[in-house]
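What the coordinates show
Residue strings, one per chain:
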Amino acid sequence: MRILVAEDESLLADAVAEWLRGEAHAVDIALDGATALERVDINDYDVVVLDRDLPKIHGDDVCRAVAAQRPDVRILMLTAAAEIDDRVTGLALGADDYLPKPFAFRELAARVTALGRRARPAAPAVLQRAGIRLDPHRREVFRDGRYVPLSRKEFAVLTELLRADGTPVSAEQLLEKAWDENADPFTNAVRLTILKLRRKLGEPPVVLTEAGVGYRIP
């Protein structure tokens, strides 16, 4: 998934982002509310992890704006306030879930994953196609019963291809979902990752190229 972490404590933002990247997500960071709104306007995020007490533009206002302008984006609000009234207020603003600080990274990651399922059309817990079996939760991939070790980027790309259910996925779409905002749009990263993925998945080739369109698993 593509995730935005909007958190003004840079060390915490970096730690959250690193944990989520370890789950094969593409993660961007915004350290204030104004930057968060700019990035939501530009990028196609699945989930925004939003600190309520952001500078420049308060997290409440960011939440309200994202909920109104991008109803497809799911919002996980973070706050140091743990009172029920604070949680109710956050949810009333348009947040989909609420997590008080301090929190366990594992719980945050689980909540983000759950929100991501709501942001997309329902998909089976385990993705299967053309002899490939991908378990997003265990982060395991098998082809015809053979375990296939993949890097985080290879796993993310394969997940998007399997989610597409046989329809082509463009390089731009893969770059959007599997890489963060620092990725060069003219990079060969997608093509090189596809080449590595094909090699690891083995014969016969299962990831096909449709010239001018993208990649698909038939």
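Reading the values: rules and limits
- Residues numbered from 1 in each chain as written.
- Predicted model: local features only at pLDDT ≥ 70, side-chain atom pairs only at ≥ 80, totals over all residues.
- Heavy atoms only, no water.
- Helix = DSSP H or I, 4+ residues; strand = E, 2+ residues; numbered from the N terminus.
- Rg over C-alpha atoms; globule rule 2.2 N^0.38 Å.
- Buried < 20%, exposed > 50% of the residue type's maximum accessible area, 1.4 Å probe, protein only.
- Areas by Shrake-Rupley, 256 points an atom, 1.4 Å probe, with all protein chains shown as cover.
- Lys, Arg positive; Asp, Glu negative; His and termini not counted.
- Charge placed at Lys NZ, Arg CZ, Asp CG, Glu CD.
- Pairing = 2+ DSSP bridges.
- Right-handed = clockwise from strand over helix to strand, strands pointing away.
- Contact = heavy atoms within 4.5 Å.
- Axes fitted to C-alpha atoms, helices over the stretch in contact; angles between N-to-C directions.

If you check an unreviewed UniProt entry, the protein appears there as Response regulator transcription factor from Cryptosporangium japonicum.

The subject of this paragraph is the overall build of the protein. Helix and strand counts for the protein stand at eight helices and 11 strands. By the compact-globule yardstick of 17 Å for 218 residues, the protein fits well, its C-alpha radius of gyration being 18 Å. The C-alpha extent of the protein, read off along each of the three principal axes, is 55 × 35 × 30 Å. When burial is assessed residue by residue, the protein has 45% of its 218 residues classed as buried. Total accessible area on the protein stands at roughly 10900 Å², and carbon and sulfur atoms take up 52% of it. The distance from the centre of the 31 positive side-chain charges to the centre of the 36 negative ones in the protein is 8 Å.

Strand 4 (residues 74–79) sits mainly inside the fold: six of its six residues count as buried. Burial along strand 4 is two-sided: the face carrying Arg-74, Leu-76 and Leu-78 and the face carrying Ile-75, Met-77 and Thr-79 are both buried. Pairing of strand 3 (residues 47–51) with strand 4, which is carried by five bridges, proceeds in the parallel orientation. Paired with Asp-51 across the two strands is Leu-78, which belongs to strand 4. As for the winding sense of the linkage, the β-α-β connection from strand 3 through helix 3 (residues 59–69) to strand 4 is right-handed. Bridging between strand 4 and strand 5 (residues 97–100) involves four bridges; their strand directions are parallel.

Looking now at the environment of Arg-117. Mapped onto the elements of the fold, Arg-117 is located in helix 5 (residues 105–119). Sequence separation of Arg-117 and Arg-74 is 43 residues, and the distance between their C-alpha atoms is 9.7 Å.

Okay, the sheet that holds strand 9 (residues 146–147) next. Strands sit in the order 6-7-8-9 across an open sheet of four strands; the sheet is antiparallel. Each of the sheet's edge strands pairs with one partner strand only, and the pair in question is strand 6 (127–129) and strand 9. Two elements, strand 6 and strand 7 (residues 132–135), share three bridges in a ladder whose sense is antiparallel. When the sheet's bridge partners are listed, Leu-127 is paired in strand 7 with Leu-134. Those strands touched by helix 6 (residues 152–163) are strand 6, strand 7 and strand 8 (140–143), and its axis lies near 115° from that of strand 7.

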